[in-house]
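Understanding the architecture of this molecule
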Amino acid sequence: MSKRSAANAAWGGRFAGGPSELLQRINVSLDFDKRLYTQDIAGSAAHCAMLVRQGIIAKEDGERIARGLAQIKEEIEAGAFPFKVEHEDIHLNIEARLAELVGPAAGRLHTARSRNDQVATDFRLWVRDAIDRLDRQMHALQAALLDRAEEHVATVMPGFTHSQPAQPVTFGHHLMAYAEMLGRDRGRFRDARVRLNESPLGAAALAGTAFPIDRADTAQALGFDRPMANSMDAVSDRDFALEFLAAAAICGTHLSRLAEEIVLWSGPNFGFIKLSDAFTTGSSIMPQKRNPDAAELVRGKAGGFIGDLVALLTVLKGLALTYAKDLQEDKRPVFATADNLELCLLATTGMVRDLAVDAAAMRRAAAAGFSTATDLADWLVRVLGMPFREAHHRSGALVRVAEQLGCDLASLPLAEMKKVEPRITKNVFEVLSVDRSVASRSSFGGTAPTEVKRAIAAARKRYMS
Ligand code: ARG
């Protein structure tokens with residue numbers, strides 16, 4: 001037999017003994033739900049004020065409760081709150097302390113409320129705050145991307161498909177791709193916030209309450225748009241947490257792609273960028289190394305975001321209405337993802353601002369790999385009126401010749417070109433340089449510096465206000 005303690009003060013009325021030590025250990029959530037304290041106190045204060053306004057509890061009791069809650073907040077913030085695991089979670093800890101501070105009036109706070117609607121309310125408020133915090137950090141990362149893109153509107157680098165040099169692009173254009181991803185990420189969180197912003201408070205255990213409460217009042221006091229329409233849905237729904245985790249998993253996946261590029265670019269095989277000491281570590285055995293640990297961790301942490309989303313989906317799958325203790329497993333994944341995504345956003349912003357560009361290395365790589373072969377084909381179409389498929393074929397043949405001669409397209413002698421296509425003139429060389437290639441791609445959303453400049457200005461208007 002494991003040890004048993006005294007019956008729980010909050011729900012122990014029909015219990016002769018206390019929970020076994022093992023039950024207590026599996027049941028307790030205080031170590032992680034502590035961080036809901038701000039939201040729990042705000043929710044209780046709003047509930048208490050409403051109970052007074054509706055004449056459900058006496059004004060004097062309401063005042064005592066409100067004062068007690070304010071003191072509890074101070075105690076927690078000062079690190080002086082007597083947290084006790086016997087009280088399971090943050091809600092019961094606060095309630096027990098309130099009883100110590102204000103006496104019997106404390107027992108009236110839980111009128112017309114259950115921990116089921118209480119925790120659902122607290123958690124929504126917490127996720128809402130997290131979304132607002134993350135939005136500021138995503139905004140800061142976009143700002144960093146826009147600034148660096150502006151610096152590099154005309155810095156040519158290879159653009160890749162299949163990990164092979166495809167066509168020259170500019171570094172500014174490449175960075176702006178991520179600014180756009182971040183814009184969609186912010187939109188996803190914003191959309192989730194709109195659906196999240198309804199109040200479960202007053203749903204009570206699951207069926208509503210016989211007390212004449214005013215749910216619209218508490219909803220408004222807590223900044224919600226309206227009370228949730230169905231009390232059973234209100235206590236059991238965790239869509240808001242799923243949407244948060246899904247948006248975070250997508251955002252984290254974007255960050256991991258950029259992180260992977262930072263790892264590649266900063267390595268000796270590319271040598272496109274250099275990270276400062278602020279974002280790299282050395283090796284304890286290989287003195288020459290400068291490891292991009294921050295980028296690798298951003299890349300690796302995406303695994304956790306996806307795991308957290310799958311964890312909560314799996315907790316909810318097949319869970320009958322309404323509340324069950326399974327739902328207590330909703331918090332850890334959300335907290336972990338929120339903390340780590342915040343870190344990833346900060347680290348990525350730091351790296352984007354920190355990285356030093358080796359424009360010459362980028363240019364060399366951009367010119368290699370016959371990256372202007374498409375420009376050559378386009379010239380054959382434009383100037384000689386060739387159908388594109390035939391031009392593609394000719395251009396491919398010219399690449400083969402250049403390969404055999406060991407030179408790039410821009411230095412292929414005209415005489416060699418004429419062997420493949422006698423109508424080619426020296427004017428063709430005008431399109432074979434990487435700068436000409438990049439400058440020519442001025443279609444909307446393309447990589448031409450003029451177009452990237454326009455895209456940056458548009459993004460500043462759209463995302464930075
Ligand atoms: N700690 C619990 C949770 O996070 C609070 C709700 C408990 N409700 C209950 N009926 N036991 O889910």
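What comes next is a walk through the structure. (Residues numbered from 1 in each chain as written. Predicted model: local features only at pLDDT ≥ 70, side-chain atom pairs only at ≥ 80, totals over all residues. Heavy atoms only, no water.)

Counted according to the given criterion, the structure contains 35 salt bridges. We note a salt bridge from Lys84 to Glu100, for which the minimum N-O separation is 3.7 Å. Highlighted residues: Lys84 in the loop between helix H4 (59-77) and helix H5 (90-102) and Glu100 in helix H5, separated in sequence by 16 residues. With a closest N to O distance of 2.8 Å, Glu150 and Arg460 form a salt bridge. With a gap of 310 residues between them, Glu150 in helix H6 (residues 115-151) and Arg460 in helix H18 (residues 449-463) connect regions that are remote in the sequence. For Arg460, a relative accessible area of 28% translates into the label partly exposed. Salt bridges sharing partners connect three or more residues here, namely Glu75, Lys84, Arg97 and Glu100. (Salt bridge = Lys/Arg side-chain N within 4 Å of Asp/Glu carboxyl O. Helix = DSSP H or I, 4+ residues; strand = E, 2+ residues; numbered from the N terminus. Buried < 20%, exposed > 50% of the residue type's maximum accessible area, 1.4 Å probe, protein only.)

What follows deals with the packing of H6 against helix H12 (residues 331-354). Contact geometry of H6 with H12 gives a least axis separation of 9 Å together with a crossing angle of 15 degrees. Classified by the angle their axes make, H6 and H12 are roughly parallel. For H6 against H12, the interelement crossing comes out left-handed. A per-class count over the contact of H6 with H12 returns 18 nonpolar, three polar and seven charged. (Axes fitted to C-alpha atoms, helices over the stretch in contact; angles between N-to-C directions. Parallel < 35°, antiparallel > 145°, perpendicular 65-115°, else oblique. Left-handed = near helix turned anticlockwise from the far one by under 90°. Nonpolar A, V, L, I, M, F, W, Y, C, P; charged D, E, K, R; others polar.)

In the vicinity of the ligand, the residues found are Ser29, Asp33, Asp89, His91, Arg115, Asn116, Val119, Tyr323, Gln328 and Lys331. Separating a nitrogen atom of the ligand from a side-chain N or O atom of Asn116 is a distance of 2.9 Å. Contact with the protein chains hides 86% of the accessible area of the ligand, taken as 340 Å² for the molecule alone. Each residue belonging to the shell around the ligand can be placed in one class, and the counts come to two nonpolar, four polar and four charged. (Near = heavy atom within 4 Å. Polar contact = N/O pair within 3.5 Å; in protein donor to acceptor, adjacent residues only side chain to side chain. Areas by Shrake-Rupley, 256 points an atom, 1.4 Å probe, with all protein chains shown as cover.)

Its location among the elements puts Thr447 in the loop between helix H17 (434-440) and H18. Engagement of the side chain of Thr447 in a polar contact is seen with the backbone nitrogen of Thr170, the distance being 3.0 Å. In contact with Thr447, other than residues within four places in its own chain, are Pro168, Val169, Thr170, His173, Val438, Arg441 and Val452. (Contact = heavy atoms within 4.5 Å.)

This part takes up a nonpolar patch on the surface. On the surface, Leu206, Met232 and Leu321 cluster together to form a nonpolar patch covering roughly 270 Å² of accessible area. Structurally, Met232 is set in helix H9 (residues 231-236). (Patch = residues over 30% accessible without salt bridge, like charges linked within 9 Å, V, L, I, M, F, W, Y side chains within 5 Å.)

Turning our eyes to something else, we now look at the nonpolar core. Grouped together as the largest cluster of nonpolar side chains are 88 residues, with contacts concentrated most on Val127, Leu145, Phe189, Phe244, Leu255, Leu341 and Leu345. With 15 residues, the top contributor of residues to this core is helix H10 (residues 239-266). Contact partners of Leu145, with chain neighbours within four places excluded, come to Leu175, Tyr178, Ala179, Leu182, Leu258 and Val352. Listed in part, the 21 residues of the second largest apolar core include Ala377, Leu380, Val399 and Leu409. (Core = buried A, V, L, I, M, F, W, Y, C linked by side-chain atoms within 4.5 Å.)

The end-to-end C-alpha distance of helix H3 (residues 37-53) is 24 Å, a good match for the 24 Å that 17 residues give at a rise of 1.5 Å each. The complete set of buried residues in H3 reads Tyr37, Gln39, Asp40, Ile41, Gly43, Ser44, Ala46, His47, Cys48, Met50 and Leu51. Directly beyond the C-terminal end of H3, a positive phi value near 70 degrees is found at Gly55. (Expected span 1.5 Å × (residues − 1).)

Considering the arrangement of structural elements, one finds Ala347 in helix H12. For Ala347, a relative accessible area of 18% gives the class buried. The spatial distance from the C-alpha of Ala347 to the C-alpha of Val298 is 7.7 Å, given a sequence separation of 49 residues. Discounting residues that sit within four places of it in the chain, Ala347 has contacts with Phe279 and Val298.

Moving on, we get to the packing of aromatic side chains. Under the counting rule described, the total for this entry stands at eight aromatic pairs. Seen in terms of ring centroids, Phe81 and Phe83 are 4.7 Å apart; in terms of plane orientation they differ by 55 degrees. Their pairing is tilted. With relative accessibility at 7%, the residue Phe81 sits in the buried group. On the basis of an interplanar angle of 65 degrees and a centroid distance of 5.7 Å, the ring pair of Phe189 and Phe244 is categorised as edge-to-face. Here the residue Phe189 occupies a position in helix H7 (residues 171-196), and Phe244 occupies one in helix H10, the gap between them amounting to 55 residues. Residue Phe244 is classed as buried on the basis of its relative accessible area of 0%. (Phe/Tyr/Trp six-rings, centres within 6.5 Å; stacked < 30°, edge-to-face > 60°.)

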